[in-house]
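# Chains, contacts and geometry: an overview
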Amino acid sequence: MATAGPGRRFCRCACFCSENLYLARYGLHVRFRDAPQLRRDYGAVLRSRGCVSTADFQQLLAELEQEVQRRQRLGQESAARKALIASSYHPARPDIYSSLQDAALAPEFLAAVEYSASPGADLEGLLQRLETLSEDKRVYRVPVFTAPFCQALLEELEHFEQSDMPKGRPNTMNNYGVLLHELGLDEPLVTPLRERFLQPLMGLLYPDCGGGQLDSHRAFVVKYAPGQDRELGCHYDNAELTLNVALGKAFTGGALFFGGLFQAPTVLREPLEVEHLVGQGILHRGGQLHGARPLGTGERWNLVVWLRASVVRNHLCPMCCQKPELVDDEGFGDGFTREEPGTVDVCALT
Ligand SMILES: O=C(O)CCC(=O)C(=O)O
Ligand SMILES: [Fe+2]
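Description of the structure in this document.

Criteria and thresholds
Residues numbered from 1 in each chain as written. Chains lettered and ligands numbered in written order. Predicted model: local features only at pLDDT ≥ 70, side-chain atom pairs only at ≥ 80, totals over all residues. Pairing = 2+ DSSP bridges. Helix = DSSP H or I, 4+ residues; strand = E, 2+ residues; numbered from the N terminus. Axes fitted to C-alpha atoms, helices over the stretch in contact; angles between N-to-C directions. Buried ≥ 20, exposed ≤ 12 C-beta atoms within 10 Å, placed from the backbone. Arc of directions from axis to C-beta. Contact = placed C-beta atoms within 7 Å. Near = placed C-beta within 6 Å. Nonpolar A, V, L, I, M, F, W, Y, C, P; charged D, E, K, R; others polar.

## Re the sheet that holds strand β18 (residues 336-339)
- The sheet built from three strands is open, its strands ordered β17-β1-β18 with antiparallel pairing. Every other strand in the sheet has two partners, leaving β17 (326-328) and β18 as the edge strands with one partner each. For this sheet the average axis-to-axis angle between neighbouring strands, irrespective of direction, equals 55°.
- In terms of strand pairing, strand β1 (residues 8-13) meets β18 through four bridges, oriented antiparallel.

## What to know about helix α3 (residues 107-116)
- The complete set of buried residues in α3 reads Phe109, Ala112, Val113 and Ser116. For α3, the buried positions fall inside an angular range of 95° around the axis, keeping them on one side. Structural note: α3 exposes Pro107 and Ala111 on the side pointing more than 90 degrees away from its buried face.
- Contacts made by the buried residues of α3 are with α4 (123-127), β5 (139-143) and α7 (186-205).

## As for unusual backbone geometry
- With omega at -5°, the peptide bond leading from Gly248 into Lys249 counts as cis.
- In this fold, Lys249 is placed in the loop between β9 (241-248) and β10 (251-253).
- Although it is not a glycine, Asn20 sits at a positive phi angle of roughly 60°.
- One can find Asn20 in the loop between β1 and β2 (21-23).
- Of note, the phi angle at Cys321 is positive, near 55°, even though the residue is not glycine.
- Take Cys321: it is sitting in the loop between α8 (310-313) and β17.
- A tally of 11 C-beta atoms within 10 Å means that Cys321 is categorised as exposed.

## Quick look at the environment of Glu240
- Checked against the element boundaries, Glu240 lands in the loop between β8 (232-235) and β9.
- The spacing of Glu240 and Gln288 is 48 residues in sequence and 9.7 Å in space, taken between C-alpha atoms.
- If sequence neighbours within four positions are ignored, Glu240 has contacts with Cys209, Gly210, Gly286, Leu307, Arg308, Ala309, Val312 and Arg313.

## Describing the site of ligand 1
- Residues in close proximity to ligand 1 include Asn174, Val222, Leu232, Asp237, Asn244, Leu256, His290, Ala292, Asn302 and Val304, which together make up its full environment.
- Secondary structure elements with two or more residues in the shell around ligand 1: β14 (288-292) and β16 (300-308).
- Considering only residue class, the shell around ligand 1 consists of five nonpolar, four polar and one charged.

Pasting the structure below:
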């Protein structure tokens, strides 16, 4: 169960249901509040793209309203899938569901984390234990999981993929892969990974991005294969920080590329290209523009953990770049938090 601590609960920002709605027929992303706003903001461009008659506009409105309702239902539907999976799915690798053991983690990762948590640790010392891929972009690489653990996780994910269980997809850009919390892997795997291991590391690497104050995450596996998704367009993550670990299998292509920060976009003239090494994780800021080159051959499965710090995002939603308008949500929501009204700090007077 995801809790935000005493007297706090997790939320999403209302912009999730009103911003960035894609109108495939007119090749346009729009903000949508109501019909007059849509007409005012996009009337001209819509007309120029063929939305001319009243009937066209009415149809568009109906589609937008449907998409808003779909987004509003996502949290509940995800919770329902999670409950169904918990009651009827039989894992191939039950060992993955027992709590994360140090034996699953690469010695280099354990050493970097142990150093980060030691008294007097500093950034310079940590950087000696990681591979710096770009000092300027602050992109790093470190082995995270052992090969046998990657193999076991892949086996489990494939088994789930082939099962008839309902599957929620990671995000609007990935049509394959799974959400780890729906599988029941947040509690035994991802939450301990964040709390015990990533937090000390990220606290030293990215103190200015909430690295030491991570309090939730959204973890999923992306899958690329011939005939399925093959690449990922340039984007930034709805996260303060991101860990992306290559799980396998054997593949060519699919390198990640990194540009500037989305807050200060520059032309992707010479993006940083990063090849995947199985078991190794890339660490980057969520706001760093990035994407994935087309897969050549084989299948690529990566574990992506979007790490969130409510102390940062409660001030500014990275999606709408405004103070978030909080809406209660299931699980970790989108990592925003609010104080529950009516809760008081109780202390014992002696
Ligand atoms: O394809 C990848 O490994 C990157 C995935 C990614 O950036 C994302 O899902 O946010
Ligand atoms: Fe991403």
